[in-house]
Amino acid sequence: MEQIAANTADNLSMVVSLQYTYRVLEPVRFAFDVDDPERILFEFVQGRLRDVVNTKTMTDMMRSRAEFNDEILAQLRTKETQYGVQFVTVQIQNAQPPEEVVKAIKDRMVAQQRKEQAEAEAAQLRTQADADYYVAQKRADAQAYQIKQIASAQQESVRML
């Protein structure tokens, strides 16, 4: 299984673990027409993988591995005759951003959660402040009414004298 660094269409770095198998169909061509066939095949597979990754977003890479495998296999099959091989399987074992990208994504998610929590707390404080204002207003109205009633009663008692 090979780990290959590649950049996605949304310009993020990914580390992709790829496993591939092939069958040598033309041993003479494979052994004699190609210098260091194992290395050449690995570099070819690596190049095709990067070409395909460059056309996908990180989200696509994480979600559509089967389609991704098929696309790479189709690209690899274009050179089978030249190398005297037949690619049998290509399978993405793992595709993930490097640790610093994962950390940045987690930090962003935590920041978003904190922002949402702060907004919820602010909304609660506004609601509480509105309730406190309403209560204070009602108390003030009650006190004003009480003062008015007392003043009216005093006025009436003065007039009766």
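Further up the page is the structure itself.
Residues numbered from 1 in each chain as written. Predicted model: local features only at pLDDT ≥ 70, side-chain atom pairs only at ≥ 80, totals over all residues. Heavy atoms only, no water.

### What to know about helix α4 (residues 65–76)
With 12 residues, α4 should cover 16 Å at 1.5 Å per step; its first-to-last C-alpha distance of 16 Å lies within 8% of that length. Burial in α4 covers these residues: Phe68, Asn69, Ile72, Leu73 and Leu76. All buried residues of α4 fall inside an arc of 130° around its axis, so they share one side. Across from the buried face of α4, at angles greater than 90 degrees, the exposed residues are Ala66, Glu67 and Asp70. (Helix = DSSP H or I, 4+ residues; strand = E, 2+ residues; numbered from the N terminus. Expected span 1.5 Å × (residues − 1). Buried < 20%, exposed > 50% of the residue type's maximum accessible area, 1.4 Å probe, protein only. Arc of directions from axis to C-beta.)

### Quick word on the pattern of salt bridges
Pairs can form between side chains of opposite charge whenever their charged atoms are close. Taken as a whole, this structure holds nine salt bridges when the rule is applied. Among the salt bridges present, the one from Arg48 reaches Asp51, with a minimum N-O distance of 2.8 Å. With Arg48 and Asp51 both in helix α2 (residues 37–53), this residue pair falls three residues apart, about one helical turn. We classify Arg48 as partly exposed; its relative accessible area is 23%. On the accessibility criterion, Asp51 (35% relative accessible area) is partly exposed. We note a salt bridge from Glu80 to Arg77, for which the minimum N-O separation is 3.4 Å. By relative accessible area, Glu80 is classed as buried at 13%. Counted as one network, the salt bridges with shared partners bring together Asp36, Arg39 and Glu43. (Salt bridge = Lys/Arg side-chain N within 4 Å of Asp/Glu carboxyl O.)

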